[in-house]
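Chain and residue survey
Each chain is listed here by its residues.
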Amino acid sequence: MPVDEPVETPTETLPLDGWHRAQSARMVAFAGYHMPIQYDGIIAEHLWTRTHAGLFDVSHMGQLLIGGAGAGEALETLLPSDIVAIGQERQRYSLLLDESGGILDDLMITRRDDGYYMVVNGATKWDDIGVLREFLPDEITINHLDDRALIALQGPEAHVALERLVPGVAALYFMQSGVFGDLWVSRSGYTGEDGFEISVPAAQVESFVADLVAQPEVKPIGLGARDSLRLEAGLPLYGHDLDETIDPVEAGLTFAIQKRRRDAGGFPGAERIQAGFRDGPKTRRVGLIIDGRLPAREGATIHAGGVTVGRVTSGGFSPSLNHAIAMGYVTPEHAAAGTLLEVDVRGKRLAASVAPMPFVPHTYHRQPKA
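This report concerns the structure included in the present document. (Residues numbered from 1 in each chain as written. Predicted model: local features only at pLDDT ≥ 70, side-chain atom pairs only at ≥ 80, totals over all residues. Heavy atoms only, no water.)

1. Considering the overall build of the protein chain
Broken down by element type, the protein chain carries nine helices and 19 strands. Radius of gyration (C-alpha) of the protein chain: 21 Å, near the 21 Å computed for a compact globule of 370 residues. Overall, the protein chain is about 70 × 60 × 50 Å in size when its C-alpha atoms are taken along their principal axes. Expressed as a percentage of contacts within the protein chain between residues at least 6 apart in sequence, the contacts between residues at least 24 apart total 67%. Of the roughly 16300 Å² of accessible surface on the protein chain, 53% is carried by carbon and sulfur atoms. The averaged location of the 49 negative side-chain charges in the protein chain is 7 Å from the averaged location of its 32 positive side-chain charges. (Helix = DSSP H or I, 4+ residues; strand = E, 2+ residues; numbered from the N terminus. Rg over C-alpha atoms; globule rule 2.2 N^0.38 Å. Contact = heavy atoms within 4.5 Å. Areas by Shrake-Rupley, 256 points an atom, 1.4 Å probe, with all protein chains shown as cover. Lys, Arg positive; Asp, Glu negative; His and termini not counted. Charge placed at Lys NZ, Arg CZ, Asp CG, Glu CD.)

In structure tokens, the structure reads:
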């Protein structure tokens, strides 16, 4: 009886594939796409972003537009955040949950004139679209904006460079957004730095990024530095620090569940999550400072004396701090800042201590409080 051969899914190209290769990028397969991991070197790119402005191609992410009467209320049946209360052209971090309260994805959602604009992770976008189509009412429309690219410009000089090309964007504050011609721009990002995410028609993106990197503040940055930057910023990565076995309380993402939703529930897994708020979680996401430069990678076990108390979910060398850092999950009694632990790296126990996150302070351009 013949055995079916496994079907290999081809790695796809993004609109800027040729441009990246022309910049001598080292390309890798990531989330089903060919993407640049580095150009000049991960540490150099990391430090450039922290001091100037780095340009990231994040076009693998899913851009969705969800509309129709009652779209906000409908989304609240799947997301634990207060979606209805989002102000016009304001953005909010949220989570797509399964029926047990596990995290299917983390995402950004913005209220626009024409509906709710949602950016989801590239590796999960097709599953996310499937969940939305299955559980949202038929009258709610879901448009996958696959004719648009997505670019992130991050760093303390990002606003200077972008304002030259797109006048008016510097007036935005963190988590605000707006339309600028054919561009949809939000002041947000995944590095802990001030910066922007820019949705661009795919047909225009190559000329747009060419204009950006012509600015003296801007260099292209790959996935390698994006990962070390987000780790320093204490930002979780879906599929590593977050998955369907983890709920928002365990992940330390309770800020995404506003008080009205905590009290009222009405979202998947609400009972488990409300219990986590009430009784405390069974495990907690923490930051770890590790002695030396040797990185503790995902899967490394965390120990208190002879007892295994958790595992690392992300780890690496911090170019900004010049030592190894990590994040992971530990039992609640070992989660307090300053707790001394050990991490097993290739059979060697490295001294570690629980540290508050972010490891490097965020520098978001926040609106002053009235």
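2. A look at the sheet that holds strand β9 (residues 148–154)
In a beta sheet, neighbouring strands pair by backbone hydrogen bonds and run either parallel or antiparallel. One open sheet holds the six strands; their spatial order is β10-β11-β12-β9-β3-β13, and the pairing between them is mixed. Edge strands, defined here as strands with exactly one partner in the open sheet, are β10 (177–180) and β13 (218–220). Neighbour-to-neighbour, the strand axes of this sheet turn through a mean angle of 25°, independent of strand direction. By the bridge criterion, seven bridges tie β9 to strand β12 (residues 195–201) in an arrangement that is antiparallel. Directly across from Ile151, in β12, lies its bridge partner Ile198. (Pairing = 2+ DSSP bridges. Axes fitted to C-alpha atoms, helices over the stretch in contact; angles between N-to-C directions.)

3. A closer look at the packing of helix α2 (residues 42–51) against helix α7 (residues 223–232)
Between α2 and α7, the shortest axis-to-axis distance is 8 Å and the interhelical angle comes to 55°. Classified by the angle between their axes, α2 and α7 sit oblique to one another. Between α2 and α7 lies a crossing of right-handed hand. Across the interface between the two elements, Ile42, Glu45, His46, Thr49 and Arg50 of α2 pack against Gly224, Ala225, Ser228, Leu229 and Glu232 of α7. A per-class count over the contact of α2 with α7 returns three nonpolar, four polar and three charged. (Parallel < 35°, antiparallel > 145°, perpendicular 65-115°, else oblique. Left-handed = near helix turned anticlockwise from the far one by under 90°. Nonpolar A, V, L, I, M, F, W, Y, C, P; charged D, E, K, R; others polar.)

4. Observations regarding the packing of aromatic side chains
One pass over the structure, following the stated rule, counts three aromatic pairs. Taken together, a centroid distance of 6.1 Å and an interplanar angle of 70° make the contact between Tyr117 and Trp184 edge-to-face. You can see Tyr117 sitting in strand β7 (residues 115–120) and its partner Trp184 sitting in strand β11 (residues 183–186), a full 67 residues away along the chain. A residue is classified by how much of its surface remains accessible, and Tyr117, at 5% relative accessible area, is buried. Between the aromatic rings of Phe174 and Tyr364, the centroid separation amounts to 4.1 Å while the plane-to-plane angle is 5°, which identifies the pairing as stacked. Of the two residues, Phe174 is situated in the loop between α5 (158–165) and β10 and Tyr364 in the segment after β19 (348–355); the sequence distance between them amounts to 190 residues. By relative accessible area, Tyr364 is classed as buried at 16%. If you follow Arg112 out to its NZ or CZ, it ends over the ring of Trp184, 4.5 Å from the centre. Geometry around Trp48 places Lys219 over its ring, the cationic atom sitting 4.2 Å from the centre. (Phe/Tyr/Trp six-rings, centres within 6.5 Å; stacked < 30°, edge-to-face > 60°. Buried < 20%, exposed > 50% of the residue type's maximum accessible area, 1.4 Å probe, protein only. Lys NZ or Arg CZ within 6 Å of the ring centre and 35° of its normal.)

5. What about the pattern of salt bridges?
Following the criterion strictly, the structure yields 17 salt bridges and no others. A salt bridge links Arg50 to Glu232; the shortest N-O distance between them is 3.0 Å. Here Glu232 lies in helix α7 and Arg50 lies in helix α2, a separation of 182 residues in the sequence. Taken individually, Arg50 and Glu232 each receive the classification buried, so the pair is uniform in this respect. Asp344 is paired through a salt bridge with Arg349; the nearest N and O atoms lie 3.6 Å apart. The exposure class assigned to Arg349 is partly exposed, which follows from its relative accessible area of 36%. Linked through salt bridges whose partners overlap, the residues forming this network are Glu76, Asp82, Arg260 and Arg261. (Salt bridge = Lys/Arg side-chain N within 4 Å of Asp/Glu carboxyl O.)

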